[in-house]
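# Residue-level structural notes
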Number of protein chains: 2
Amino acid sequence: MQNALVRAIAVAAPLPSLGDNTGDLDRLKKALAPLLDGVMPVVPYQRLGKVAERFRAAGFTGVAIINDMLGGPVLVDFLPQPPPALAGMALDLGTTHLEATLLDLATGATLARADLENSQIRFGADILTRIHYAAKAEGLAELHIAIIGTVNELAAELARVSGLAVTEIRALSVSGNTSMVHFFLKLNPYHLCREPYIPMVNAPDPCLAGELHLAIHPAAPVWLLPSVGSYFGGDLLSGVLASGIDQQPETCMLIDVGTNAEVIVGNREWLIACAGAAGPALEGGVARMGMRAGPGAIEHVQIDPASGEIQYETIGKGKPKGLCGSGLIDLVAELYLTRQIDIRGKFRPQAAGDRLIQGSEGWRFVVVRAEDSADGQPVVLGQVDLDALMRSKAAMYAILTTLTNQVGVAFADLHRIYVAGAFGRHISPRQAIVLGMLPDLPLATYEPVGNSSLAGAGRILLEKEARDRCLELAGKITYLELNVNQEFMLRFSGSRFIPHTDPNLFPSVPFFDGE
Amino acid sequence: MQNALVRAIAVAAPLPSLGDNTGDLDRLKKALAPLLDGVMPVVPYQRLGKVAERFRAAGFTGVAIINDMLGGPVLVDFLPQPPPALAGMALDLGTTHLEATLLDLATGATLARADLENSQIRFGADILTRIHYAAKAEGLAELHIAIIGTVNELAAELARVSGLAVTEIRALSVSGNTSMVHFFLKLNPYHLCREPYIPMVNAPDPCLAGELHLAIHPAAPVWLLPSVGSYFGGDLLSGVLASGIDQQPETCMLIDVGTNAEVIVGNREWLIACAGAAGPALEGGVARMGMRAGPGAIEHVQIDPASGEIQYETIGKGKPKGLCGSGLIDLVAELYLTRQIDIRGKFRPQAAGDRLIQGSEGWRFVVVRAEDSADGQPVVLGQVDLDALMRSKAAMYAILTTLTNQVGVAFADLHRIYVAGAFGRHISPRQAIVLGMLPDLPLATYEPVGNSSLAGAGRILLEKEARDRCLELAGKITYLELNVNQEFMLRFSGSRFIPHTDPNLFPSVPFFDGE
């Protein structure tokens, strides 16, 4: 594509002669300039000999590989024939999981798709533990090597599926949270979690894959989506790109519900963001009993109010293995609506029937009995999991209200709310409203945007406009720090009920007080 | 200096706070942009962590080190205090000798000066032998390692003299012939000496010292003066810069007399060049009996026509060790004028007296007797040396006439002739005219420009205008290939007499024909 991060450009240069003694590389650059809007490409030293030799070996005609870098076009390779595919890898560099697509940079087509668990998990499931681990001797190096290793495995898998050599992957775009980007670039994350929460870098300049010891082509540009702050990473900027909130005439909101909750509100004039690494609220608990939205995950749940019978849908229609985010929200909302839990999110044994059993850690609700599950283990929801979800949903609502209050926008003024992220991928806005997690607005207000982190990374590979827009956006977004926001803490307390301590905020949700 | 290749820029950024969560590096770049004409500097990946950490450690105030690269400013380091000196190394990368100066990039002052023999000599005294050596397995690698080693030794010496650490040398400019630049960059020189004589690259883009394993600061930019062809290197472009021939309204000539003879003619409108790697003419012989213009070298010679007594001047006024280029030209001219050699450059035993003795390789003329020399060895001129000089001077004159003839300029039309290069440094134009090496023009036409290769490299370090001009020049100069020029070969034959077969060309020189 004309604006891809890497392009293959067919070029034929005049043959050298006694009357034309231009150097090989100079000859190639001169022939390319008219094809690059008159700009002479630069050749980095480590590619100099290879490009010049391959150009001569090909008889001074063939295909030049051009990276579109910030300073202009960079010539990195020369092939005698057009490559079978000019492939670029779009990567969602998640804390828990990495997801990637391999795109054909010439056509935009998806060549392969893969995902893998983040191997850094052995150093800590959550980011904070890893940041502390990085402070140990060699800790940062270990974390860096681990994440590069996972990316390399993922690249190998993409190559395998698409029938390419891994070194035929000639570009990489990376969308991740600020901490993950620090690990990926081997930058000290020490100050990320310490007031005033300053990243070492928000917008790193693109580098080449070889500098990071990535297994893809060493001259592949590595383009990282910029962060806005320690808790507002390139993954959310991807969401902005993918949703187009920055181009809307009317005020909208983007909510990314992952391990953290990140929120942005605004329109084409202004954008204000905040994130809820705030509390322990959105960390830990939920992920513990949940699973990724993949085959066997329960994504939707219904409970018959009369019989108490549970109906569920699993992704892939097979037997259930666990609950993904949307399944969990559905389940808890239905438990509330059938009054099996109270407004504080506590099980009501008098209403729950025989599915509620006493375990060593308190009550556990059996969602799927052992005999009906995929692995012979029952799928259960414990009181501890419920407590964690209550904190999560409270944090989410507190974030949304704090942010809108700060910018003087009422929920009702929001034209649209985009819901993104792994957790929110299959979310039912209605059930999230019942829980008091999302504001009580008409369902048409909500628009799911899927894994926008990955989608944004893909656009970075294909569109120069997206790359430019992204760098501009990073400077345009105002970031509100909630870690030290008193208002947030107050609102968080008020939100720890279903749907809320102030039921007037949720007129559409039944309120079962005073039981 | 405002336009130096590397600059130290004092900068104080606002401190990070909860209200200003810009990343460390982004903060620094933002503070620097107004000091860089509004341009945001780029930070290469390998400097990212170091710059950000040093900026924070210095309390967000100090001195940024900025390389002025082709794509714009590049931020490579941060110091808490201004450095004692911001030093750059200007290098004349000669085939036989390397010469360098260390310049203070802030003031332009010379901090140190050093020279060293090219350690590649062990692979071959002349370039052609080395090009053949490069074709062996590991040959190019050996040549590359040798030259990098010599440059590193020279850098260490400059650092020692100026009391700096070698890593405090933060820039390097390199002026060398095309082959030397190929060895320096580890580029295959195979085609340089094969028709149609095409370099792998004429104008390599600047790189960083670390990429070449240089011992100076790894982020020091390495800026190479571009070549125009295989036999027209950056060293001659340095001469153009230093002489200013490209800015003259009237047509001038620049002659660089080194191991090769390189010539350029033109004015601010046009420039045409050629070089005499043509023949074996200027290779071998002369260097064999000569020595560099250094302490103990005879630089000027006079022979009393009546007594035959020889008077000489040595550089440094000490006892003589050998003849440098200018001394050799003086000597042979005086031998001709005192009729001790004939117009073919052969000794005339009947006229030479007792200084001429028969040796195993024919006649040898004793310039300085053993008892008067610095090392107890006589300084002699053999017939073989004389023959070599005759070839050299013939090639030089043939080059000059071929070139001027091609462009339709008579010698008399030349406003000025700049004489540059190691061989020509102390040259007496009058004696060179006697030999028929330089055209018979008023002496005021000739202007020595010293080691212009080194001078040009120095200007590259200090002046952006020189860097820009240089790249423009490389594209502007037309190069005439003499290796295959029939006219040159004819003129070469005609020039193998003193002063010439056509004495009318040298009216000021006595012609002793028919003896």
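Details of the structure are given in the entry above.
Keep in mind that this is a model prediction, so the values were computed, not measured.

## A short note on the relation of the copies chain A and chain B
Once chain A has been moved 0.0 Å along the axis and rotated by 180 degrees, it coincides with chain B to within an RMSD of 0.1 Å. What we have between these two chains is a two-fold relation. Every residue of chain A has its C-alpha some distance from the rotation axis, and the shortest such distance is that of G71 of chain A, at 2.5 Å. Most of the interface of chain A is mirrored in chain B, where 100% of its interface residues again form contacts.

## Quick look at the state of the cysteines
Residue and element names in this part refer to chain A. Per the counting criterion, the structure on display carries zero disulfides over all chains. C207 takes part in no disulfide bond, and the closest cysteine sulfur to it belongs to C470, at a distance of 15 Å. Using a relative accessible area of 0% as the deciding quantity, one classes C470 as buried.

## So, the sheet that holds strand β14 (residues 310–314) of chain A
Residues and elements named next belong to chain A. Pairing in this open sheet of three strands is mixed, and the strands run β14-β13-β15 from one edge to the other. With partners counted over all chains shown, the strands left at the sheet margins are β14 and β15 (322–323), one partner each. Contacts from helix α8 (residues 325–337) reach β13 (297–303) and β15 within the one sheet, and its direction differs from that of β13 by about 15 degrees.

## Regarding the nonpolar core
Residues M89, L91, F184, L214 and V222 of chain A are the most contacted members of the largest nonpolar core, which totals 113 residues. Among the elements that line this core, the one with the most residues is helix α4 (residues 139–162) of chain A, at ten residues. V51 and F55 of chain A together with L462 and A474 of chain B belong to the second largest nonpolar core, which has 112 residues in total.

## So, the pairing of strand β11 (residues 261–266) of chain B
Residue and element names in this part refer to chain B. Among the six residues of β11, six are classified as buried, and the element is accordingly described as predominantly covered. On β11, burial covers both faces: A261, V263 and V265 on one face and E262, I264 and G266 on the other are all buried. The pairing of strand β10 (residues 252–257) with β11 spans six bridges and is antiparallel. Each bridged residue has a counterpart across the sheet, and for I255 the counterpart in β11 is V263. Here five bridges tie β11 to strand β12 (residues 271–275), and the two strands are oriented antiparallel to one another. Bridging from a neighbouring strand, V265 pairs with I272 of β12. Taking the residues that link successive antiparallel strands as the turn, the β11-β12 hairpin has four residues.

## Observations concerning a nonpolar patch on the surface
A grouping of V42 of chain A together with L70 and L471 of chain B is seen on the molecular surface, where their side chains present a nonpolar patch of about 210 Å² in accessible area. Residue position: V42 of chain A is located in the loop between α1 (24–32) and α2 (45–57).

## Side note on the pattern of salt bridges
Close approach of charged atoms allows side chains with opposite charge to pair. In this structure the tally under the stated criterion is 34 salt bridges over all chains. D77 of chain A serves as the salt-bridge partner of R170 of chain A, at 3.1 Å between the closest nitrogen and oxygen. With R170 of chain A in strand β7 (residues 169–176) and D77 of chain A in strand β3 (residues 72–79), this residue pair connects regions lying 93 residues apart in the sequence. Residue class for D77 of chain A comes out buried when judged on its relative accessible area of 1%. Between D342 of chain B and R344 of chain B there is a salt bridge, with the nearest N and O atoms lying 2.7 Å from each other.

## Description of the interface of chain A and chain B
Listed as interface residues are 47 residues of chain A and, on the opposing side, 47 residues of chain B. Contact between chain A and chain B buries roughly 3,500 Å² in total, counting both sides, with carbon and sulfur atoms accounting for 58%. Of all residues in chain A, the largest losses of buried area upon contact with chain B belong to L18, N21 and Y45 of chain A, amounting jointly to 22% of the total for that side. Inspection of the chain A/chain B interface yields two salt bridges. Of the charged contacts, one joins D205 of chain A and K29 of chain B as a salt bridge, the two residues approaching to 3.0 Å between their closest N and O atoms. In this assembly, chain A and chain B are joined by 18 residue pairs in polar contact (both at pLDDT 80 or more). Looking at the side of chain A that touches chain B, the elements that each hand over two or more residues are α1 and α2 of chain A. Here the side of chain A that touches chain B gets seven residues from one element, more than from any other, and that element is α2 of chain A. The residue makeup of the side of chain A that touches chain B, split by class, is 24 nonpolar, eleven polar and twelve charged.

## A few points about empty space enclosed by the protein
Residues and elements named next belong to chain A. Applying the stated rule across the entire model yields one cavity of 30 Å³ or more. Taken together, I131, H132, A134, A135, N188, P189, Y190 and R194 make up the full set of residues lining the largest cavity. A per-class count over the lining of the largest cavity returns five nonpolar, two polar and one charged.

So, how was this worked out
Residues numbered from 1 in each chain as written. Chains lettered and ligands numbered in written order. Predicted model: local features only at pLDDT ≥ 70, side-chain atom pairs only at ≥ 80, totals over all residues. Heavy atoms only, no water. Least-squares fit on C-alpha atoms with pLDDT ≥ 70 in both. Contact = heavy atoms within 4.5 Å. Disulfide = S-S within 2.5 Å. Buried < 20%, exposed > 50% of the residue type's maximum accessible area, 1.4 Å probe, protein only. Pairing = 2+ DSSP bridges. Helix = DSSP H or I, 4+ residues; strand = E, 2+ residues; numbered from the N terminus. Axes fitted to C-alpha atoms, helices over the stretch in contact; angles between N-to-C directions. Core = buried A, V, L, I, M, F, W, Y, C linked by side-chain atoms within 4.5 Å. Patch = residues over 30% accessible without salt bridge, like charges linked within 9 Å, V, L, I, M, F, W, Y side chains within 5 Å. Areas by Shrake-Rupley, 256 points an atom, 1.4 Å probe, with all protein chains shown as cover. Salt bridge = Lys/Arg side-chain N within 4 Å of Asp/Glu carboxyl O. Buried area = accessible area lost by both parts, 1.4 Å probe. Polar contact = N/O pair within 3.5 Å; in protein donor to acceptor, adjacent residues only side chain to side chain. Nonpolar A, V, L, I, M, F, W, Y, C, P; charged D, E, K, R; others polar. 1 Å grid on protein atoms, 1.4 Å probe; cavity = no way out; pocket = protein on both sides within 12 Å on 5 of 7 lines; lining within 4 Å. Points joined across faces, edges and corners; volume = space filled by probe spheres on them.

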